[in-house]
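Inside the fold
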Amino acid sequence: MGSSSDRIVVVTGASRGAGKGIATALGATGATVYVTGRTREEGDAALPGTVFATAAEVTRRGGTGVPVVLDHGDDEQVEALFERVRAEHGRVDILVNNALALPDGLTDKGPFWEKPLGLLDLLDVGMRSSYVSTYFAAPLLVAADGALVVNTSSFGGTCYMHGPAYGAGKAAVDKMAHDMAVDFRPAGVSVVSLWMGLLTTERTLAAFAANPGAYDGLAATAESPEFVGRVIDALSRDPGLAARTGTVLIAAEVAAELGVTDTDGRQPPSHRQFLGNPPVFSDAVID
C-alpha cells in the first residue's frame, strides 16, 4: 500500500454519518478519497449532509476529496465509478463498503410483520451493494500493494437488533468479508468486517435531542464517526493486517490494541460483554 499521503480510497455512503466520518479521518492522512452518496444538495434528505460537503471537508483536512453522486442500488453507476477511478489512478488502496439504506420503521418497536416490508431495502443497499462495489473494485484492489476492504457492520450481526432484516444484512456482510478474503488472499488483499458501536451521527444526535436524558448512559460510551476512520487507517498500516483478513473485528478493541483514540482522546469501550462475540467462521474451503 502506498504512503498515507498518496493512498486512493473509496468510501461509499458518505454524505453523512459513519461514511462522512470515515472519509474525513482518512482524508486527514493526506489520502485521495472518493466520496459516494445520493445527496447532492442540502434538503434532498431529511438529515444534513451532502457528498460535496463531505468531499470539501476531506480536502480541508489535508486530503483530496472527490464527490461522486450515485445510487448504490444501480450497478451501472457503481461500475462507472470504478471505471473512473481506474482511469484516474489505476488502483484502490482502501475500499470502505458503508452505503446502507435506512428505511422508515427500522427502529419501531414490535415484531417484523408489523413493520414495513420496505425494510428489505437494506438488503439491496447494504448487503448487495457491498458485494457489487467490491466486485467492480476487485481489479483495482489487486493492482494496489496490500489493499484493504472494510465492510462496516455492527453487533446486530449476531444479536437481535432492529429485527431480522437488519440482522440478516449485517450477518451477510460479515460472512461476505470472510469469503471474499479467501478469494483475495493470493493477491495480498485483506478484507475485514468492522463492528462499530453507537456513533454520534446526525441521526443519533437528533434522537438524543428529541429525548433529553433518555440516552445519557449510551451517549457516554458513543463513538464519533471519525473514530471508525481512525481505526481503519491504523488497520491499513498494521504489519499484522494479513493475519486479520477474513475476520470480524470490533472497532473499539482494534483501537485499544493499536493505540487509536477518539477525537476527544477517549478510548471507547467494547460492547462484547453485553452484546456478544463476533462470529468465528470455518477454515474449510469448498470450491
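Above: the structure in question.
Report follows, based on the coordinates. (Residues numbered from 1 in each chain as written. Predicted model: local features only at pLDDT ≥ 70, side-chain atom pairs only at ≥ 80, totals over all residues. Heavy atoms only, no water.)

So, about the overall build of the protein chain. A tally of regular secondary structure across the protein chain gives 11 helices and 7 strands. The C-alpha radius of gyration computed for the protein chain amounts to 18 Å, which stays within 12% of the reference 19 Å derived for 287 residues, consistent with globular compactness. In terms of overall dimensions, the protein chain has a C-alpha envelope of 45 × 45 × 40 Å along the principal axes. Of all 287 residues assigned to the protein chain, the portion counted as buried reaches 51%. Element-wise, carbon and sulfur atoms account for 54% of the exposed surface of the protein chain, whose accessible area totals about 12,800 Å². Averaged over its 22 positive side-chain charges, the protein chain has a centre that lies 3 Å from the centre of its 34 negative ones. (Helix = DSSP H or I, 4+ residues; strand = E, 2+ residues; numbered from the N terminus. Rg over C-alpha atoms; globule rule 2.2 N^0.38 Å. Buried < 20%, exposed > 50% of the residue type's maximum accessible area, 1.4 Å probe, protein only. Areas by Shrake-Rupley, 256 points an atom, 1.4 Å probe, with all protein chains shown as cover. Lys, Arg positive; Asp, Glu negative; His and termini not counted. Charge placed at Lys NZ, Arg CZ, Asp CG, Glu CD.)

Under the counting rule described, the total for this entry stands at 15 salt bridges. A salt bridge links Arg 272 to Glu 253; the shortest N-O distance between them is 2.8 Å. Taken together, the residues span a long stretch of sequence, with Arg 272 in helix α11 (residues 272–275) and Glu 253 in helix α10 (residues 251–258) at a distance of 19 residues. Each of Glu 57, Arg 60, Arg 61 and Glu 226 takes part in salt bridges that share partners, so that together they form one network. (Salt bridge = Lys/Arg side-chain N within 4 Å of Asp/Glu carboxyl O.)

So, about the packing of helix α1 (residues 17–27) against helix α8 (residues 225–237). Two numbers describe how α1 lies on α8: the axes approach to 7 Å, and their chain directions differ by 50°. With respect to α8, the axis of α1 lies oblique. Regarding α1 and α8, the two cross each other, and that crossing is right-handed. Here Gly 17, Ala 18, Gly 21, Ile 22, Thr 24, Ala 25 and Leu 26 of α1 lie close against α8, whose contacting residues are Pro 225, Glu 226, Val 228, Gly 229, Arg 230, Ile 232 and Asp 233. Each residue belonging to the contact of α1 with α8 can be placed in one class, and the counts come to 7 nonpolar, 4 polar and 3 charged. (Axes fitted to C-alpha atoms, helices over the stretch in contact; angles between N-to-C directions. Parallel < 35°, antiparallel > 145°, perpendicular 65-115°, else oblique. Left-handed = near helix turned anticlockwise from the far one by under 90°. Contact = heavy atoms within 4.5 Å. Nonpolar A, V, L, I, M, F, W, Y, C, P; charged D, E, K, R; others polar.)

With that settled, the discussion passes to the nonpolar core. Core analysis: the largest hydrophobic core is formed by 33 residues, its most contacted members being Val 11, Leu 26, Val 33, Leu 194, Val 231 and Ile 232. Ranked by the residues each element gives to this core, the list is headed by α8, at 6 residues. Excluding residues that lie within four positions of it along the chain, Leu 194 makes contacts with Val 150, Asn 151, Thr 152, Ser 153, Val 228, Val 231, Ile 232, Leu 235, Leu 249, Ile 250 and Ala 251. Counting 27 residues, the second-largest nonpolar core is a separate cluster that includes Tyr 34, Val 132, Leu 141 and Met 176. (Core = buried A, V, L, I, M, F, W, Y, C linked by side-chain atoms within 4.5 Å.)

For the rest of this paragraph, the subject is the sheet that holds strand β3 (residues 64–69). Think of a sheet as strands paired side by side through backbone hydrogen bonds, with each pair either parallel or antiparallel. Strand order in the open sheet formed by 7 strands is β3-β2-β1-β4-β5-β6-β7, with parallel pairing between adjacent strands. In this open sheet, the two strands that pair with only one neighbour each are β3 and β7 (248–250). Along the sheet, successive strands turn relative to each other by an average axial angle of 20°, direction set aside. Sheet topology note: the strand β2 (residues 32–37)/β3 ladder contains 6 bridges and is parallel. In the strand pairing of β3, Thr 32 is matched with Thr 64. Across the sheet, α1 is in contact with β1 (8–11), β2, β4 (94–97), β5 (148–154) and β6 (190–196); its angle to β1 comes to roughly 170°. Set on the sheet, helix α5 (residues 164–184) makes contact with β5, β6 and β7; between it and β5 the angle comes to about 160°. (Pairing = 2+ DSSP bridges.)

Across the 13 residues of α8, 11 count as buried, placing the element largely inside the fold. Among the residues of α8, those classed as buried are Pro 225, Glu 226, Phe 227, Val 228, Gly 229, Val 231, Ile 232, Asp 233, Ala 234, Leu 235 and Ser 236.

With that out of the way, let us pick up the pairing of β5. For β5, the tally of buried residues reaches 7 of 7 residues, placing the bulk of the element in the interior. The alternating pattern of β5 places Leu 148, Val 150, Thr 152 and Ser 154 and Val 149, Asn 151 and Ser 153 on opposite faces, both of which are buried. Sheet topology places β4 next to β5; 4 bridges connect them, and they run parallel. When the sheet's bridge partners are listed, Ile 94 is paired in β5 with Leu 148. Following the backbone out of β4, through helix α4 (residues 124–143) and into the adjacent parallel β5, one traces a crossover that is right-handed. Across 7 bridges, the pairing between β5 and β6 is parallel. (Right-handed = clockwise from strand over helix to strand, strands pointing away.)

Time to look at the packing of aromatic side chains. Scanning all chains against the criterion turns up 3 aromatic pairs. On the basis of an interplanar angle of 50° and a centroid distance of 4.8 Å, the ring pair of Phe 155 and Trp 195 is categorised as tilted. Residue Phe 155 is found in the loop between β5 and α5, and its partner Trp 195 is found in strand β6; the two are separated by 40 residues along the sequence. The two residues Phe 155 and Trp 195 agree in class, both being buried. (Phe/Tyr/Trp six-rings, centres within 6.5 Å; stacked < 30°, edge-to-face > 60°.)

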